[in-house]
Amino acid sequence: MEIISGGVCAAKGFKAAGVHCGIRKNRTKRDLSLIYSEKRATAAAVYTTNLVKGAPLTVTKEHIKDGFAKAIICNSGNANTCNANGIEIAEQTCELLGKELNIPAEDIVVASTGVIGQPLDIAPFKNGIPELVLSLSENGSEQAAEGIMTTDTKIKEVAVSFNIGGKECKIGGIAKGSGMIHPNMATMLVFLTTDCAISAEMLKKALSTDIQNTFNMISIDGDTSTNDMVTLLANGMAENEEITAEGEAFNTFMKALNTVTVYLCRRIAGDGEGATKLIECKVSGAENMQTAKTVAKSVICSSLTKAAMFGADANWGRVLCAIGYSGADVDVNKIEVSFKSAMGEIAVCENGAGIPFSEEKAKEILLENEIEILVALNSGEFSSTAWGCDLTYDYVKINGDYRT
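Residues numbered from 1 in each chain as written. Predicted model: local features only at pLDDT ≥ 70, side-chain atom pairs only at ≥ 80, totals over all residues. Heavy atoms only, no water.

Asker: I tried to follow empty space enclosed by the protein on my own but got confused; where do I start?
Answerer: Any space left empty among the atoms is revealed by the rolling of a water-sized probe across them. Evaluated as defined, the whole model comprises 3 cavities of 30 Å³ or more. In this structure, the largest cavity spans a volume of roughly 50 Å³. For the largest cavity, the lining is made up of 14 residues, of which Asn-75, Thr-93, Val-110, Ser-112 and Phe-125 are closest to its centre. Elements that contribute at least two residues to the lining of the largest cavity include exactly strand S4 (68-78), helix H2 (86-101) and strand S5 (108-115). Looking at side-chain class alone, the lining of the largest cavity contains 10 nonpolar, 4 polar and no charged residues. (1 Å grid on protein atoms, 1.4 Å probe; cavity = no way out; pocket = protein on both sides within 12 Å on 5 of 7 lines; lining within 4 Å. Points joined across faces, edges and corners; volume = space filled by probe spheres on them. Helix = DSSP H or I, 4+ residues; strand = E, 2+ residues; numbered from the N terminus. Nonpolar A, V, L, I, M, F, W, Y, C, P; charged D, E, K, R; others polar.)

Asker: Looking at this structure, I do not really get the side chain of Glu-280. What am I missing?
Answerer: By the element assignment, Glu-280 lies in strand S10 (residues 278-286). Its relative accessible area of 8% is what places Glu-280 among the buried residues. At 2.9 Å, the side chain of Glu-280 forms a polar contact with the side chain of Arg-266. Discounting residues that sit within four places of it in the chain, Glu-280 has contacts with Arg-266, Ile-300, Ile-371, Glu-372, Ile-373, Thr-385, Ala-386 and Trp-387. (Buried < 20%, exposed > 50% of the residue type's maximum accessible area, 1.4 Å probe, protein only. Polar contact = N/O pair within 3.5 Å; in protein donor to acceptor, adjacent residues only side chain to side chain. Contact = heavy atoms within 4.5 Å.)

Asker: Please clarify how the pattern of salt bridges should be interpreted in this entry.
Answerer: Pairing between side chains of opposite charge can happen when the charged atoms of each approach one another. This structure, assessed with the given rule, holds 11 salt bridges. Among the salt bridges present, the one from Asp-107 reaches Arg-40, with a minimum N-O distance of 3.0 Å. Here Asp-107 is found in the loop between H2 and S5, whereas its partner Arg-40 is found in strand S3 (residues 32-47), with 67 residues between them in sequence. The class for Asp-107 is buried, based on a relative accessible area of 6%. Where Arg-266 meets Glu-370, a salt bridge forms, and the shortest distance between an N and an O atom there is 2.8 Å. Of this pair, Arg-266 sits in helix H6 (residues 248-270) while Glu-370 sits in strand S14 (residues 370-376), placing them 104 residues apart in sequence. (Salt bridge = Lys/Arg side-chain N within 4 Å of Asp/Glu carboxyl O.)

Asker: I keep staring at helix H5 (residues 200-210) and nothing clicks. Help me out?
Answerer: Think of an α-helix as turning once every 3.6 residues; residues three or four places apart then point the same way. For H5, the full list of buried residues reads Met-202, Leu-203, Ala-206, Leu-207 and Asp-210. Angularly, the buried residues of H5 cover 130 degrees about the axis, an arc narrow enough to put them on a single face. Every exposed residue of H5 that faces more than 90 degrees away from the buried side is listed here: Glu-201 and Lys-204. Contact partners of the buried residues in H5: S3, strand S8 (189-194), strand S9 (229-234) and H6. (Arc of directions from axis to C-beta.)

Asker: Honestly, the packing of aromatic side chains in this entry has me stumped. Any pointers?
Answerer: The way to describe two aromatic rings as a pair is by their centre distance and the angle between their planes. Applying the stated criterion across every chain yields a total of 2 aromatic pairs. A centroid spacing of 6.2 Å and a plane angle of 65 degrees characterise the contact between Phe-162 and Phe-253, whose relative ring orientation is edge-to-face. Here Phe-162 is found in strand S6 (residues 156-164), whereas its partner Phe-253 is found in helix H6, with 91 residues between them in sequence. The exposure classification of Phe-162 matches that of Phe-253, with both residues buried. Residues Phe-310 and Tyr-393 carry aromatic rings whose centres are separated by 5.2 Å and whose planes lie at 90 degrees to one another, so their mutual orientation is edge-to-face. Note that Phe-310 is positioned in helix H8 (residues 303-310) and Tyr-393 in helix H11 (residues 393-400), a separation of 83 residues in sequence. A relative accessible area of 27% places Phe-310 in the partly exposed class. (Phe/Tyr/Trp six-rings, centres within 6.5 Å; stacked < 30°, edge-to-face > 60°.)

Asker: When you look at the packing of helix H7 (residues 289-301) against helix H9 (residues 316-324) in this model, what are you seeing that I'm missing?
Answerer: The description of two helices packed together rests on the angle between their axes and the distance between the axes. Direction vectors running N to C along H7 and H9 enclose 130 degrees, while the axes themselves pass 8 Å from each other. Overall, the two elements H7 and H9 adopt an arrangement that is oblique. Of the two elements, H7 crosses H9, and the hand of that crossing is right-handed. For the pair formed by H7 and H9, the contact residues are Val-295, Ser-298 and Val-299 on the first element and Val-319, Ala-322 and Ile-323 on the second. Across the contact of H7 with H9, the residue classes break down as 5 nonpolar, 1 polar and no charged. (Axes fitted to C-alpha atoms, helices over the stretch in contact; angles between N-to-C directions. Parallel < 35°, antiparallel > 145°, perpendicular 65-115°, else oblique. Left-handed = near helix turned anticlockwise from the far one by under 90°.)

Asker: I would appreciate a short explanation of the sheet that holds S14 in the present structure.
Answerer: In a beta sheet, neighbouring strands are held together by backbone hydrogen bonds and run either parallel or antiparallel to one another. Taking strand neighbours across the sheet as the criterion, the 6 strands line up as S13-S12-S11-S14-S10-S15 in an open arrangement whose pairing is mixed. The open sheet has two edge strands with one neighbour each: strand S13 (353-354) and strand S15 (382-389). Here strand S12 (residues 344-350) pairs with S13 via 2 bridges, running antiparallel. Paired with Cys-349 across the bridge in S13 is Gly-354. In this fold H7 packs onto S10, S14 and S15, with an angle of close to 20 degrees to the strand it touches most, S15. On top of the sheet, helix H10 (residues 359-366) reaches strand S11 (336-341), S12 and S14; it is set at about 120 degrees to S12, its chief contact. (Pairing = 2+ DSSP bridges.)

Asker: Please clarify how a negative patch on the surface should be interpreted in this entry.
Answerer: A cluster of acidic side chains, namely Glu-88, Glu-91, Glu-95 and Glu-106, defines a negative patch on the protein surface. The exposure class assigned to Glu-95 is partly exposed, which follows from its relative accessible area of 44%. (Patch = residues over 30% accessible without salt bridge, like charges linked within 9 Å, V, L, I, M, F, W, Y side chains within 5 Å. Areas by Shrake-Rupley, 256 points an atom, 1.4 Å probe, with all protein chains shown as cover. Lys, Arg positive; Asp, Glu negative; His and termini not counted. Charge placed at Lys NZ, Arg CZ, Asp CG, Glu CD.)

Asker: Would you explain unusual backbone geometry in this entry?
Answerer: Note: most residues except glycine have negative phi, and most peptide bonds are trans. Of note in this structure, Asn-102 is not a glycine but carries a positive phi near 65 degrees. Taking relative accessible area as the criterion, Asn-102 reaches 71% and is therefore assigned exposed. In the Ramachandran plot, Asn-378 falls in the positive-phi region, its phi being about 55 degrees despite a non-glycine side chain. Locating Asn-378 in the fold gives a position in the loop between S14 and S15. Taking relative accessible area as the criterion, Asn-378 reaches 39% and is therefore assigned partly exposed.

Here you go:
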């Protein structure tokens, strides 16, 4: 398995584009993106658990209930959520794109991201879709990734190649996510493409299984967005024998998918609104998987722990506190905690109690931009990882005037 370039265009038969159509006031920012498959692809998606859902999610669910799609369109700048005509706008967008691509509107996944509750007109889509289609390119992944960004500061794309049955397959993805990110669904917008031949049923199984240990293990600020969605298209153009059941081929596909999703998880967490550091909590020695995941997510979600990481303060008591209120059944007297970065590793807690350590060395470790919080529960063999970021002054600044 190898990391390659190309993002969502790495796999055979996929093109992408991103343009400015007028939804966002800043003309230098792309606000409409398209991913297109030369062949009709099997499709799977997972959606936010928030009861308030963006209209595009409702339309997309209906469109891919047959397990197939051929294109993905997404706008930024307006979430198309809580709008009286939201469904109509989403459906009209698909109709306009369908006519331009000469494909059924029902073969289109539609998504939106941006401000909630703002009026959205179809005019920018009418004006932008023709240019968007003309801009489709095998090198268009980066432009598409730009077009779905809101408060993101970095483009998030990746691709890998892998082998199934002697055939080279590729899977790639782009993502947006910086704020309103919290576990339980997918927690952002992620679009994945592969040329691997895999049935719609197995594709759905692969995606729904993978997100439990990847996208559902990210938290930036504790807010679950209304428009979160992860979509995966597989057009089969690698010409491998179609994966229709579990086995070696499916396991290889799962490993490739996980490589892509973990990479995107880290990129999203590290680009949290106002963030200066990626925080990765690795829990080991749990009695069961649920305990490991619960503890890891509680540490990542702790505002006090996040603030301590921002200040490079080795305040390990914040970590113990988060474990204590997590609801997980753990033996506090067995817990060990260490902090780790490129500058080394330092143990700060053993058997649930503090131990002598160098504050200077700890500070040096925590000043790095990628920090690992290592928690050993010493009660079993299960482990889990969660991703988050530090909590900074800029988070409040960004969200204090997000709409205005």
